[in-house]
Amino acid sequence: DAGITQSPRHKVTETGTPVTLRCHQTENHRYMYWYRQDPGHGLRLIHYSYGVKDTDKGEVSDGYSVSRSKTEDFLLTLESATSSQTSVYFCAIIHRVYTQYFGPGTRLTVL
Amino acid sequence: AQKVTQAQTEISVVEKEDVTLDCVYETRDTTYYLFWYKQPPSGELVFLIRRNSFDEQNEISGRYSWNFQKSTSSFNFTITASQVVDSAVYFCALVPGTYKYIFGTGTRLKVLA
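As the structure is a prediction and not an experimental result, all values here were calculated from the model.

A.B. asks: Help me understand the sheet that holds strand β3 (residues 19-25) of chain A in this model?
C.D. replies: Strand pairing in a sheet is mediated by backbone hydrogen bonds. Such pairs are either parallel or antiparallel. All names here are of chain A. One open sheet holds the four strands; their spatial order is β1-β3-β8-β7, and the pairing between them is antiparallel. A strand with exactly one partner marks an edge of an open sheet, and here the two such strands are β1 (4-7) and β7 (64-70). On average, each strand axis in the sheet is inclined to that of its neighbour by 20°, with strand direction left out of account. In the sheet, β3 pairs with strand β8 (residues 73-78) via six bridges, with the strands oriented antiparallel. Counterpart to His24 in the pairing with β8 is Asp73.

Below you can see the structure in the form of structure tokens.
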């Protein structure tokens, strides 16, 4: 257990509304990640952070923004949610030699 | 190109059979890490093993074993005497010297009682 929590765990929203997902960690890990998981695609990296206010894009970053104003929190924002962003979102941290540990996931449904 | 291929989308076996999950990777980096993760039906992602590119020793942990072969760019995972609790989706991942993971699309293993 790497002390990672995600909130909310489930969310249903409507197309066009903004949505923010939160990843919180308690062990001062430097690297944090957001992934989405969809059937047939495995896990795809959206954004990651390598320190406070230091972030970079992953392979599926369009339509998503992130912020990290303090070490323990990494926020993922969908500025205007679309149905294609219906997915399960996982947060992860690096702990011990490149090893990622994952949060419990957030199931997001955009109607 | 950096890529991980898990060609087996779904495998079904009967309990107590051995099963091997294949993972083939591509990278030009000489230093990299390979990982396996398990995702049971409950949905969490569980770390199983890490291997670095300089360590080609095979590893065994109970009923699990991993075969890393740089010559064929493969990092295969074998479960011996499978059990129903092994039913899950298994992901192979590559970290090619950066902190960006590249995941395969996963193999769903169904172990039938």
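That covers the picture; the talk isn't over yet.
A.B. asks: Can you walk me through the layout of surface pockets in this structure?
C.D. replies: Empty space among the atoms can be located by rolling a probe the size of a water molecule over them. Taken as a whole, the largest pocket holds about 680 Å³ of empty space. Forming the boundary of the largest pocket are 30 residues, of which Gln37, Val88 and Arg107 of chain A together with Gln39 and Arg108 of chain B lie nearest the centre. The leading source of residues in the lining of the largest pocket is strand β9 (residues 87-94) of chain A, at three residues. Classifying every residue of the lining of the largest pocket by side-chain character gives eight nonpolar, 16 polar and six charged.

A.B. asks: How should the interface of chain A and chain B be read in this particular structure?
C.D. replies: Think of interface size as the accessible area that goes away when the parts come together; that is how it is often given. At the junction of the two partners, chain A supplies 21 residues and chain B supplies 18 residues. Between chain A and chain B the total buried area reaches about 1700 Å² when both faces are included, carbon and sulfur atoms providing 65% of it. Three residues stand out in chain A for area buried against chain B, namely Leu43, Tyr98 and Phe102 of chain A, and they jointly supply 35% of the buried area on that side. At the boundary of chain A with chain B, the tally comes to zero salt bridges. At the junction of chain A and chain B, the tally comes to seven residue pairs in polar contact (both at pLDDT 80 or more). Of all the secondary-structure elements, those providing two or more residues to the side of chain A that touches chain B are β4 (32-38), β5 (42-51), β6 (54-57), β9 and β10 (100-102) of chain A. Looking at the side of chain A that touches chain B, the element that brings in the most residues is β5 of chain A, giving four residues. For the side of chain A that touches chain B, a count of residues per class yields twelve nonpolar, six polar and three charged.

A.B. asks: What should I look at first to understand the pairing of strand β5 (residues 33-39) of chain B in this one?
C.D. replies: The two faces of the sheet receive side chains in turn, since in a regular strand these alternate between them. Residue and element names in this part refer to chain B. Burial analysis of β5 places seven of its seven residues in the buried class, which makes it a mostly covered element. In β5, alternate side chains face the same way, and those of Tyr33, Phe35, Tyr37 and Gln39 on one face and Leu34, Trp36 and Lys38 on the other are all buried. A loop of six residues connects β5 with strand β6 (residues 46-52), the two strands running antiparallel in sequence, and Gly43 in this loop sits at a positive phi of about 105°. As paired elements, β5 and strand β10 (residues 88-95) share seven bridges and run antiparallel to each other. Bridge pairing links Lys38 to Tyr90 in β10.

A.B. asks: Help me out: how do you make sense of the packing of aromatic side chains in this one?
C.D. replies: Aromatic ring pairs: the centre-centre distance and the angle between the two ring planes describe each pair. Residues and elements named next belong to chain B. Counted under the stated rule, the structure contains 29 aromatic pairs over all chains. With a centroid separation of 6.2 Å and 25° between ring planes, the pair formed by Phe35 and Tyr37 is classed as stacked. Judged by relative accessible area, which is 0%, Phe35 ranks as buried. For Tyr37, a relative accessible area of 0% translates into the label buried.

A.B. asks: What is the right way to look at the side chain of Gln6 of chain B in this model?
C.D. replies: Here Gln6 of chain B shows up in the loop between β1 (3-5) and β2 (10-14). Excluding its chain neighbours within four sequence positions, the residues that come into contact with Gln6 of chain B are Asp22, Trp36, Tyr90, Phe91, Cys92, Gly104, Thr105, Gly106 and Thr107 of chain B.

Parameters and conventions
- Along each chain, numbering runs from 1 in the same order as the chain's sequence is written.
- By the order in which they are written, chains take letters starting at A while ligands take numbers starting at 1.
- With pLDDT at 70 or above as the cut-off, local features in this predicted model cover only qualifying residues; side-chain atom pairs require 80 or more to be listed or tallied, and sums for whole chains, interfaces and linings still use all residues.
- Only hydrogens and water are removed before side-chain values are computed, so all heavy atoms of the structure are retained for them.
- A pair of strands is treated as paired once DSSP finds two or more bridges between them.
- The helix count covers DSSP runs of H or I at least four residues long, the strand count covers runs of E at least two residues long, and both are numbered beginning at the N terminus.
- Here an axis means a line fitted to C-alpha atoms, over the contact stretch when the element is a helix, while the angle between two N-to-C directions is reported on a 0 to 180 degree scale.
- Of the two site types, the cavity is a set of points on a 1 Å grid over the protein atoms alone where a 1.4 Å probe fits but cannot get out, and the pocket is an open set with protein on both sides within 12 Å along at least five of seven lines, each lined by residues with an atom within 4 Å of a point.
- Grid points are joined across faces, edges and corners, and a volume is the space filled by probe spheres set on the points.
- The classification used treats Ala, Val, Leu, Ile, Met, Phe, Trp, Tyr, Cys and Pro as nonpolar, Asp, Glu, Lys and Arg as charged, and all other residues, Gly among them, as polar.
- By the convention used here, residues are in contact when the closest approach between their heavy atoms is within 4.5 Å.
- As used here, buried area is the combined drop in accessible area, with a 1.4 Å probe, of two parts when they are placed together.
- Should a side-chain nitrogen of Lys or Arg be within 4 Å of a carboxyl oxygen of Asp or Glu, the pair is scored as a salt bridge.
- In protein, a polar contact means a hydrogen-donor-capable atom and an acceptor-capable atom, both N or O and within 3.5 Å, with residues adjacent in sequence counting only if both atoms are side-chain atoms; elsewhere, any N or O pair within 3.5 Å suffices.
- The cut-offs for exposure are 20% and 50% of the maximum accessible area for each residue type, with area from a 1.4 Å probe on protein chains only; residues under the lower value are buried, those over the upper are exposed, and the others partly exposed.
- In this scheme Phe, Tyr and Trp rings, the latter by its six-membered ring, pair at centre separations within 6.5 Å, and the angle between planes marks the pair as stacked below 30 degrees, edge-to-face above 60, and tilted otherwise.

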